[in-house]
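# Structural description and commentary
Chain residues, written in single-letter form:
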Amino acid sequence: MEIEISKKESFIRQILKREWEFFQNVHHTEGRAECQDNPQEFEIMRRSQWETLPDEILESYLEDLILAKHHGENIVQDKYARMMKYSSPKEYEIIKEYLPKISQEKEELVQKIVEIYLHWEEEIIKKYPKVTSKGRPLYSKYDTPNYTSIETYLKGELSSYSVKTLKLYYEYIQSCVTNNINLAENNLENIVLEKGYSSIEEAEESL
């Protein structure tokens with residue numbers, strides 16, 4: 001007998017399946033990346049993020065993935081390509097004309113979301129310095145060709161969403177700010193729980 005899953009879990013599973021397919025077809029200039037052969041880590045990191053969001057955003061992003069495949073586009077590859085604007089600017093100059101154009105409306109939404117999210121990240125870096133030191137650096141100025149910051153990753157990620165998804169996302173994070181909810185902390189908590197800790201505090205103390 002199959003266990004009935006929630007609407008949210010159904011969206012997350014479909015998103016992960018489609019993202020993994022796109023991720024497998026991302027081509028790097030230096031060949032296949034190690035993380036492309038690690039489905040467990042991919043699932044932990046992506047699921048942890050998607051579980052922080054409501055059904056409405058998940059459904060809209062799932063539509064983005066479905067439409068991208070229908071149009072023969074790989075929005076996961078686009079995400080990584082856009083990160084190169086900061087991590088590998090010379091290479092980015094060569095490929096940028098092949099990327100879909102981003103509207104001013106989308107750029108503004110991305111910037112507003114990144115601003116709020118970086119503030120949340122600053123809060124958790126102060127709160128959990130040991131755990132967060134294991135992750136990406138915070139700002140784009142610390143990018144290298146092999147290691148991108150949270151800021152750069154966010155800009156690449158959000159730029160791959162549709163304007164519809166971004167609007168829903170921005171509305172939601174504004175409500176989180178109003179209600180004193182830190183989505184970056186919620187995401188980190190999901191990650192440490194998936195890795196076997198009972199809380200972020202326990203993970204912090206173990207380091």
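Structure shown above.
All values derive from a computational prediction rather than experimental measurement.

## Observations concerning the nonpolar core
Trp50, Trp120, Leu158, Tyr169, Ile173 and Leu183 are the most contacted members of the largest nonpolar core, which has 46 residues in total. Setting aside anything within four residues of it in sequence, one finds Trp120 in contact with Ile173, Cys176, Val177, Ile181, Asn182, Leu183 and Ala184.

## Quick notes on the pattern of salt bridges
Evaluated as defined, the whole model comprises 15 salt bridges. In this structure, the salt-bridge partner of Arg47 is Glu43, at a minimum N-O distance of 3.2 Å. In this pair, Arg47 and Glu43 are both assigned in helix α2 (residues 39-50), 4 residues apart and thus about one turn of the helix distant. You can call Arg47 buried: its relative accessible area is 10%. The class for Glu43 is partly exposed, based on a relative accessible area of 36%. In this structure, the salt-bridge partner of Arg46 is Glu157, at a minimum N-O distance of 2.9 Å. Of this pair, Arg46 sits in helix α2 while Glu157 sits in helix α8 (residues 150-159), and the two are 111 residues apart along the sequence. A relative accessible area of 3% places Glu157 in the buried class.

About the thresholds
- Residues numbered from 1 in each chain as written.
- Predicted model: local features only at pLDDT ≥ 70, side-chain atom pairs only at ≥ 80, totals over all residues.
- Heavy atoms only, no water.
- Core = buried A, V, L, I, M, F, W, Y, C linked by side-chain atoms within 4.5 Å.
- Buried < 20%, exposed > 50% of the residue type's maximum accessible area, 1.4 Å probe, protein only.
- Contact = heavy atoms within 4.5 Å.
- Salt bridge = Lys/Arg side-chain N within 4 Å of Asp/Glu carboxyl O.
- Helix = DSSP H or I, 4+ residues; strand = E, 2+ residues; numbered from the N terminus.

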